[in-house]
Amino acid sequence: MTKKYDAIVIGAGHNGLTTAAYLAKSGLDVLVVEKNDYIGGAAVSRELHDGWIYSNCSYVCSLLRQSIHRDLNLTKHGLMIVPYMGTTNFTRNGDYLAEYPDEAMQYREVRRHSKRDADAMHRYYTDLMKYAKVIRHFLLRTPADPTSFKPRDLQEMAFMAKKFMGMGERDIYEFMRFMTMSAADFLAEYFENDLIKAFYATSSIIGTALGVYSPGTAYVLLHHVMGDVDGAVGAWGLARGGMGSISKAIHGALQEHGGEVMLEAEVDTIIVKGGKTKGVALTNGSVIEAPIVVSNLDPKRTFTKIMNKEDLPEDLYKKAKDFKIRGSSGKVNIALKGMPDFPTLPKGHMLRNGSMQFLDSLERMERAYDDWKHNRWSQDPFIEMTQSSVWDPTHAAPGNYFVSCFIQYCPREVEGGWTEENKQAFGKTIIDQISNYSPNFKDHIEHMEIRTPYDIEKEVGLTEGNIFQGELTIDQLMFNRPFPGYSQYRGPVKGMYMSGSGTHPGGGVSAACGANAAREILMDLKRPNIVPEDEND
Amino acid sequence: MSKQYDALVIGAGHNGLACAAKLARAGKKVMVVEANAELGGLAATTEFAEGFKASVAHTLPQLTDKLVKDLELHKHGFSFASEHLETLGLKEDGSDALRVTGDTVTGVSQDQVDAYKRYSAQMQKFAKAIAAFWQKKPPMIGDKSWASVSTGIQFGLNLRLLGKTDMREFTRMIALPAQDVMDEQFEDEHLKAVLAWDYTMGNKLAPRSPNNAMINWLYRLAGDASGFNKLPIAKGGMKGLIDALAASATSAGAVIKTNAAVKKVVVDEETATAVGVELADGEVVHAKAIISNADPKTSFIKLLGTRYIDIQFTHRINRTRTDGQTAKMHIAIKGEPKFNGVSRADGRMIIAPKMSYIENAFDSSKYGEIAQDPAMEIVVPTMHDASLAPEGHHVISITIPNVPYKVKAGWETEKANLQSAILNKLEAYAPGIKDQIVASDLLTPVDLESRYNVTGGHWHHGELALDAWWMNRPTYEASQYKTPIDGFYLCGAGAHPGGGVMGAAGSNAADVVLAASK
Amino acid sequence: MLTIDAKDQGNHIDLRLQQSPFFPRIKELCLSEQWTEWNGYQTPTYFLDSYIEYYATRNTCAVFDVSPMKKYIIEGPDAEVMMNRLTVRDVRKQKVGRVTYTVWCTDEGRIIDDGTLFRLAEDKFMLCAADPNLDWLELGAIGMDVTVYENSYDMAALALQGPTSCALLKKLGFTGIENAKPFDIMYFPFEGGELMISRTGFTGDLGYELWVDPNDALALWDALFSTGFEYGIRAMGDESLDMARIEAGLLAPAVEFNSALHTVEFRHDQTPFELGLDWMVNFKKPSFSGREALLKEKEQGPKWKLVKLDFEGQKSAQGSLLYADRKCTKEIGYVTSGMWSSVVKASIGYGFVKAEYADGPIFAEIYYQKEMRWYQKVVEGRKHEGAFWWPDRARQTPPADT
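Residues numbered from 1 in each chain as written. Chains lettered and ligands numbered in written order. Predicted model: local features only at pLDDT ≥ 70, side-chain atom pairs only at ≥ 80, totals over all residues. Heavy atoms only, no water.

Undergrad: Could you clarify how one ought to interpret the state of the cysteines in this entry?
TA: A disulfide bridge is the covalent bond that connects two cysteines by way of their sulfur atoms. One pass over the structure, following the stated rule, counts zero disulfides over all chains. In this structure Cys405(A) is not part of a disulfide, and its nearest cysteine sulfur, from Cys410(A), lies 13 Å away. As a non-bridged cysteine, Cys30(C) has Cys61(C) as the owner of its nearest cysteine sulfur, 19 Å distant. (Disulfide = S-S within 2.5 Å.)

In structure tokens:
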């Protein structure tokens, strides 16, 4: 018999650690159990090749709530978020479309491709910012249950109504439209040039089992621009030391408040007795008791794998089974010896340091999605190649480089299964795509890690390797996330909670899901709320 | 200036006629002007070959009892040729078709039959919760009128009255793609495809497209003229209904003028008020209310002229997605058609063996290509009403979704390609049918556009989607049928609730015009 | 042909700030090496001293390079109809060869931008604005039989402003320019081509704007400066222009108003009524963009008002918050532009205040610095009607030579 805790958090992902840190800060005796021998879940950086630090899952950061950063003293625990510069998109005809931090430069760059679109860009950003600003109010709040008459839900609904009314009537209609539209249709209301549309549409498919023409992708686009770096909404940053520094820093805060983490401790079952959680049983046979158990795993895994069906309400098992958590993304992380050449750009051009993509049109993106539907990885994939080490010297020694390639689309199941052969072929597709624009890229590869949804599921534990712990579609957002009636972080059993990004506000390294879960737990324990609110811009 | 009429309706589509009938029956002096020779617009019945008649719209799932009663359509000659067509999922291998009717299904395993019953019951609840709102003017956030406020409250209340469980399912399922709905409920792939059919018809939607499928399906369930989830057809074809609508209008004094295309809406320059229309032959007809049954783009940009309306409003009309996605083919055949696994071709036959089949056809269309394996909906109206074809002959009416408005290779060549794809598919499911063909008429979205003056040839005058629904249909400030221009109203499918032969847009618009004239 | 954005042709934009066709001369004269960015162009903040440049516009004459302005041509049978609907003034009354200052609004009557509209022919207009407007013009062209295109880069422009400006132009051989009334356009042969001169400007003083083919830009500059020496000509920078326009009561975009199409926060944009441009909005026109909303605002009165203020004391009120009382308990608005006016000898500026307080007393809480140390004081701002500086010569035709 081991020690008894006040609360156990299953999974040392960044959200689980956040929940744990707040519970510990509130004075609870908290244990985080983690199946792997390292913490961080999908926010990790590990030395996978001698001398190279890999952020091998998540690779950039924007949604991390700065109020949590500050409140948990994450800077003291080693965290620094470094803003980095935009993305260059290479086209097949030898041209490119760049993203510059300077507005005048950006205007002229877009103008090269379309005069009208250069002018429309400002209108586009303005409208997107309106939507981002209104939705940002809700990131660190628990969604209201629209079917409830409880004072708190009514209050929250009133808060929501007030924020929406603050947009003005016209923009409420516009926002209502926007939420259900496809990225392609939304962008067509601003831009005429296909390359420009494709460039902006990239955010709409990342991590998503939908194409740019699918209704609902406009919201996914927004999900990728509603974060900020120091209040600059839409900006992205890198965590110095790799994304693992976020997890490490939150872990630091957890330790500061006396919380513990147990590694290589995979949970077999959440123990339920008399309608209450009693603790967890580990796969190694040991049992750890606690009246509160928080699952940071995705909802599907939580309810279909580590909870007994008979402990759940009848409909919940089906809800979890039907929960949409589709693997659609892959990653290829590459250690490079020396900087490959991208002849499209002049030597020494500032864009060579940025992220890179390889697109021409929405059609190419949509065809990449069609491959996914047919259980193939995209033959002409969308790749976001982030040159992390250019901005963060901790990734590799001078002269060496680490690049993170995010790939859309890559299915969980392929014909013949994810054999080593298929995995290598997938990797080759990516390298070939990059090589179309950088002939000597291959010559610089020192080591590379290919991660299919299968690998991500196996190692990180995300069902199907879905990076958001569940699709970001309307049926799974706000009070519908993860399921209607379960959006307030409480599980179906007393004492059981959810803290992963399968809950509101969804995927991304935000720490908001974990913080919101902690707030609800503390409320149930009748302890003072210590979870900070966002100071809204 | 003398007003010749109280109201002038542009276009004698079924909505225009419904609007005119309602106004005339309320004592208004009404004129309807129609560009074509036949009445009915996309529901017009035309003779596509000597002795063979057909219409683009071929069934009446959305027809409501209320409309039939309000306009006394039975008195004016309307009746059903069949109150319900069974939906038949055809099987290429010749085995018995899957049959869906009301809340029963045959040709699938018992657990699927049970699942379908459960599904039907739930869908009926959802459909009922929003049924009233198809036939009402949408509310507006800033509209403090009792009609608007009460509609809003009623909507919220109806959802609440579903009860916690169903309301939660509603908020979730409203956004689901057809495929997810089906995968959650059923195992049988063919059943899924047949049921998914009505979720996407007429729109640029595939089984995998989220957000807009459920609203389209619920809209299909809006009709109750012959009961819940029934698929009636009219006696005399669509003409039976259209003639009854016209008779309802003219018997109350309305004047209907055909072959009278409108050149433009006449606007009083001093007051920016719509006061009449100028016809193609130069004649000017004045009226207090000008009500357009045309699609919003045609109404505002072509007929009214953008000079009278604000720029952002114009942009919002101009951005409505009007590229049609559906083609129509009428085939005249000698003898009775014989489909695999169907004893009598008297139902609505669907060729879509599984959802991915539809999805693949959609995928071709989104790149402006013609699907070689088209999904199709086939009705043989002459099985119910012999008057539509010469004796011993039949008309096959086929709806083909997933046909793009813009084809990459151009319609000059692609039309033949589409025709052969359709006929090949038909032959596969009805061997020998090619030899029975006497004549045929294929209407691509571009043909529908030019023949019926509908932008993009779109069935619904614009995508029927959550982003273009209710307060946002066609856009706020025109969603309550009145427009920013005094005296100018919308009554077509581009307004709430959308296309399909329901008459609600026309009827709702008439209510608004009547209220304004008080 | 040389165009202004020649360096952006091909695959790579020039990452540095752009340089106008006058830049070689500007660079020579700009000893201060103080630059600002305007529409991506390298624009002099001041050449040597803002006050000296400013006094040239009030005492002799000064040139300001307005080439970075955005210029659009609207041409076709519906050009008049389109511009009449797009802008708030009655374009039907604008004759060929005339310029008007105007604003354009969203459907909700919120200002998108202001600028000058040139009627070049019955069916041809040029719209000149500080910021990009092609997107809005294209939206405004839906359903209209017109062609809209940008010609910003095919036309360089210099503003020549000040009491000796007319005399200088005459001396240069542009005979007849003295007959140009304010807002008139005239054309003169120049370097084998044509020079368009409009009697317009942004200083409130006598002045002209000279519109020239970029290839002839340096020739124009040289002609002005070789002959202009005797007329006291100077090049002026951004700072002195801003001083002149505040005195003249002219508005600056992104200072007095924020373009409605680029405003994220609800109602952080402005309307013509709020900015005191009531006189411009022509409700006799049956329809124009924003008419309904503006009519409603006219009836209900604007929520905010821009007022011209003459502050006590000698400190500039730039950036101050405004209050209804000297104790600063009731905040009512803020100063959009403030300066010490050397010719008027007063601390002047614009206050943007809630309408209900516009007629009451207004106080500014000014923070100012002396050798790094900060001080605060509260001064009363008295309302001022009309421009602070608008001499008769600015309106006289023909104008005096000095």
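Text resumes after the structure shown.
Undergrad: What should I look at first to understand the interface of chain A and chain C in this one?
TA: Size of an interface, as often reported, equals the accessible area lost when the parts are brought together. The interface of chain A with chain C comprises 31 residues on the first partner and 30 residues on the second. Each partner contributes to the roughly 2600 Å² buried at the junction of chain A and chain C, and carbon and sulfur atoms together form 54% of this total. One can count six salt bridges joining chain A with chain C. A salt bridge links Glu108(C) to Arg170(A); its shortest N-O distance comes to 3.4 Å. Where the side of chain A that touches chain C is concerned, the elements lending two or more residues are helix H3 (103-113) and helix H4 (115-136) of chain A. If you tally residues by element for the side of chain A that touches chain C, the top one is H4(A), at ten residues. For the side of chain A that touches chain C, a count of residues per class yields eleven nonpolar, seven polar and 13 charged. (Contact = heavy atoms within 4.5 Å. Buried area = accessible area lost by both parts, 1.4 Å probe. Salt bridge = Lys/Arg side-chain N within 4 Å of Asp/Glu carboxyl O. Helix = DSSP H or I, 4+ residues; strand = E, 2+ residues; numbered from the N terminus. Nonpolar A, V, L, I, M, F, W, Y, C, P; charged D, E, K, R; others polar.)

Undergrad: What is the right way to look at helix H15 (residues 445-452) of chain B in this model?
TA: Think of an α-helix as turning once every 3.6 residues; residues three or four places apart then point the same way. Residue and element names in this part refer to chain B. Residues of H15 that are buried: Pro445, Leu448 and Tyr452. Buried residues in H15, looked at end-on, bunch into an arc of 55°, giving them a common side. The inward-facing, buried residues of H15 contact strand S3 (45-49), strand S14 (326-334), helix H13 (411-429) and strand S18 (437-443). Once H15 ends, the next one or two residues include Asn453, with phi positive near 55°. (Buried < 20%, exposed > 50% of the residue type's maximum accessible area, 1.4 Å probe, protein only. Arc of directions from axis to C-beta.)

Undergrad: Quick question: what am I supposed to make of the packing of helix H3 (residues 110-134) of chain B against helix H4 (residues 146-161) of chain B here?
TA: Helices that pack against each other are described as a pair by the angle of their axes relative to one another and the distance between those axes. All names here are of chain B. Packing of H3 against H4 brings their axes to within 9 Å, and their N-to-C directions diverge by 170°. The orientation of H3 relative to H4 falls into the category roughly antiparallel. Here Ala129, Ile130 and Phe133 of H3 lie close against H4, whose contacting residues are Thr151, Gln154, Phe155 and Asn158. A breakdown of the residues in the contact of H3 with H4 according to their chemical character gives four nonpolar, three polar and no charged. (Axes fitted to C-alpha atoms, helices over the stretch in contact; angles between N-to-C directions. Parallel < 35°, antiparallel > 145°, perpendicular 65-115°, else oblique.)

Undergrad: Is there a simple way to think about the environment of Arg199(C) in this case?
TA: Residue and element names in this part refer to chain C. By the secondary structure assignment, Arg199 is in the loop between strand S11 (193-198) and strand S12 (207-212). Residue classification places Arg199 among the buried positions, given a relative accessible area of 4%. In this structure the C-alpha to C-alpha distance between Arg199 and Phe183, which are 16 residues apart in sequence, comes to 5.1 Å. A distance of 2.9 Å separates a polar side-chain atom of Arg199 from the backbone oxygen of Ala180. (Polar contact = N/O pair within 3.5 Å; in protein donor to acceptor, adjacent residues only side chain to side chain.)

Undergrad: What should I look at first to understand the interface of chain B and chain A in this one?
TA: With 39 residues of chain B at the interface, the matching set in chain A holds 43 residues. Our count for the contact surface shared by chain B and chain A stands at 13 salt bridges. In this structure, the salt-bridge partner of Asp180(B) is Arg326(A), at a minimum N-O distance of 2.7 Å. Put simply, the parts of the chain that give the side of chain B that touches chain A at least two residues each are helix H5 (164-173), helix H6 (178-185), helix H11 (311-318) and helix H12 (355-366) of chain B. Looking at the side of chain B that touches chain A, the element that brings in the most residues is H5(B), giving six residues.

Undergrad: Would you explain the domain arrangement of chain C in this entry?
TA: All names here are of chain C. Here the domain parsing of chain C yields domain 1 (6-67 + 155-247) and domain 2 (303-384). Here the C-alpha centre of domain 2 lies 32 Å away from the C-alpha centre of domain 1. Every contact between the two is made by eight residues of domain 1 and, on the other side, nine residues of domain 2. Both sides together, the interface formed by domain 1 and domain 2 hides about 750 Å², and carbon and sulfur atoms give 61% of it. Three residues, Tyr55, Ile246 and Glu247, lead the burial of domain 1 against domain 2; their summed loss comes to 59% of the area buried on that side. Linking domain 1 with domain 2 are zero salt bridges, by the criterion used here. Where the side of domain 1 that touches domain 2 is concerned, the elements lending two or more residues are helix H2 (50-59) and helix H7 (238-247). Of the residues in the side of domain 1 that touches domain 2, the class split is five nonpolar, no polar and three charged. (Domains from an automatic or database assignment.)

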